[in-house]
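Architecture and fold: a report
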Amino acid sequence: VFTYNILLKALCKNGRVDGARKLLKEMSNKGCSPDNVSYTTIVSSLCKEGRVEEARELAKSFAPIVPVYNALISGYCQECEFGTAFDLLNEMSVRGIDPNVITYTIVINNLCDAGNVDLSMAVLGKMISRGCDPNIHTFTSLIKGFFSKGRLHEGCDLWSRMIREGIVPNTIAYNTLIHGLCASNFVVEALSVLHQMERNGCTPNVTTYSTLIDGFAKLEDLDGATEIWNRMIRSGCYPNVVAYTCMVDALCRVGMFERATDLIENMARSNTSPNTLTFNALIRGLCRYGRVNCAMKAFVSMGIHGCLPN
RNA sequence: UGCAACAACAAC
């Protein structure tokens, strides 16, 4: 089974789900029964390709297990077919298969992405009433959901509630909080969250730093952005293309184009090549400052660096 | 070996 599952996963990853389906049949014929992992791999891959109906049909021939339901529910949510997702959730209960924290979190996260935090909160209530405790993923999805609707206060309240319930925030949760604060221009508060996470022994990553650099950049606070950049380097965290691009943007917004260009050259020399967004930041900055000729030169240099305009 | 959460540009 392990041999077959490894192959199934590899086939699915390379977009050869149909090959995987054939292999699934073949393994049974050769006397090696597929297990729950085999089923979930196939169903999940079909869903990710948007072939949800097909996945559901196929799943009918498998044992009804939670991960397969989760993959299907996730698939229907991605297609914004929340009605069907809720039907499946009901079907689970009817068949005596208890949804787990992942099941509910999938629904909550997708509803949040669709902009419906309020319904997500209702699902949270439902899972708790059924004795299923939300975890860090659940709370992070909801907090992000409130923030993306501009409901900063409710997002922060939920953060406090999560802490009260004894859930220890991880780097991703902190990053979500920092991003929410930055998006509402509360960069000073975001910075104090960075300090708080460090005090609590949670290591910031390149996303943490990029989020803060971007926050300062949007407020045209080059000193703030630079301070974060230096802090990132000092901590031994390597900037990626996003971090570089945020820093290029910070420089461009205050008209420091020579330094921005130097930074891009730096990237090209390291193994972090600039991308289209990096050049868009530079070109937009130059245009804002009326330096259209330089912008045209940057546009040419973009092609030299192998970046296509979008 | 399988299912869920985080960051950067623009236009509409």
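Just above, that's the structure.
We now turn to the structure provided with this report.

Regarding the side chain of Ser 38
Inspection of the secondary structure puts Ser 38 in helix 3 (residues 36–48). Discounting chain neighbours no more than four positions away, the residues touching Ser 38 are Val 1, Asn 5, Leu 8, Leu 24 and Met 27.

Some remarks on the protein's contact with RNA strand B
With respect to spatial proximity, 39 residues lie near RNA strand B, and among them Asn 5, Lys 9, Asn 70, Lys 218 and Asn 280 are the closest. The separation between a phosphate oxygen of RNA strand B and a polar side-chain atom of Lys 9 is 2.7 Å. Contact between RNA strand B and Asn 280: a base oxygen at 2.5 Å from a side-chain N or O atom of the residue. Grouping the constituent residues of the surface near RNA strand B by class yields 10 nonpolar, 23 polar and six charged.

Things to note about the pattern of salt bridges
Evaluation of the coordinates by the stated rule reveals 16 salt bridges. Asp 18 is the salt-bridge partner of Arg 51, the closest N and O atoms lying 2.8 Å from each other. Separated by 33 residues along the polypeptide, Arg 51 in the loop between helix 3 and helix 4 (52–59) and Asp 18 in helix 2 (residues 17–29) bring together distant segments of the chain. Residue Arg 51 is classed as partly exposed on the basis of its relative accessible area of 21%.

Observations concerning the nonpolar core
The biggest cluster of nonpolar side chains holds 104 residues, and the ones touching the most others in it are Val 43, Leu 72, Ile 73 and Leu 282. Once residues lying within four places of it in the same chain are set aside, the contact partners of Ile 73 are Ala 85, Leu 88, Leu 89, Met 92, Thr 103, Ile 106 and Val 107.

Definitions and cut-offs
- Residues numbered from 1 in each chain as written.
- Chains lettered and ligands numbered in written order.
- Predicted model: local features only at pLDDT ≥ 70, side-chain atom pairs only at ≥ 80, totals over all residues.
- Heavy atoms only, no water.
- Helix = DSSP H or I, 4+ residues; strand = E, 2+ residues; numbered from the N terminus.
- Contact = heavy atoms within 4.5 Å.
- Near = heavy atom within 4 Å.
- Polar contact = N/O pair within 3.5 Å; in protein donor to acceptor, adjacent residues only side chain to side chain.
- Nonpolar A, V, L, I, M, F, W, Y, C, P; charged D, E, K, R; others polar.
- Salt bridge = Lys/Arg side-chain N within 4 Å of Asp/Glu carboxyl O.
- Buried < 20%, exposed > 50% of the residue type's maximum accessible area, 1.4 Å probe, protein only.
- Core = buried A, V, L, I, M, F, W, Y, C linked by side-chain atoms within 4.5 Å.

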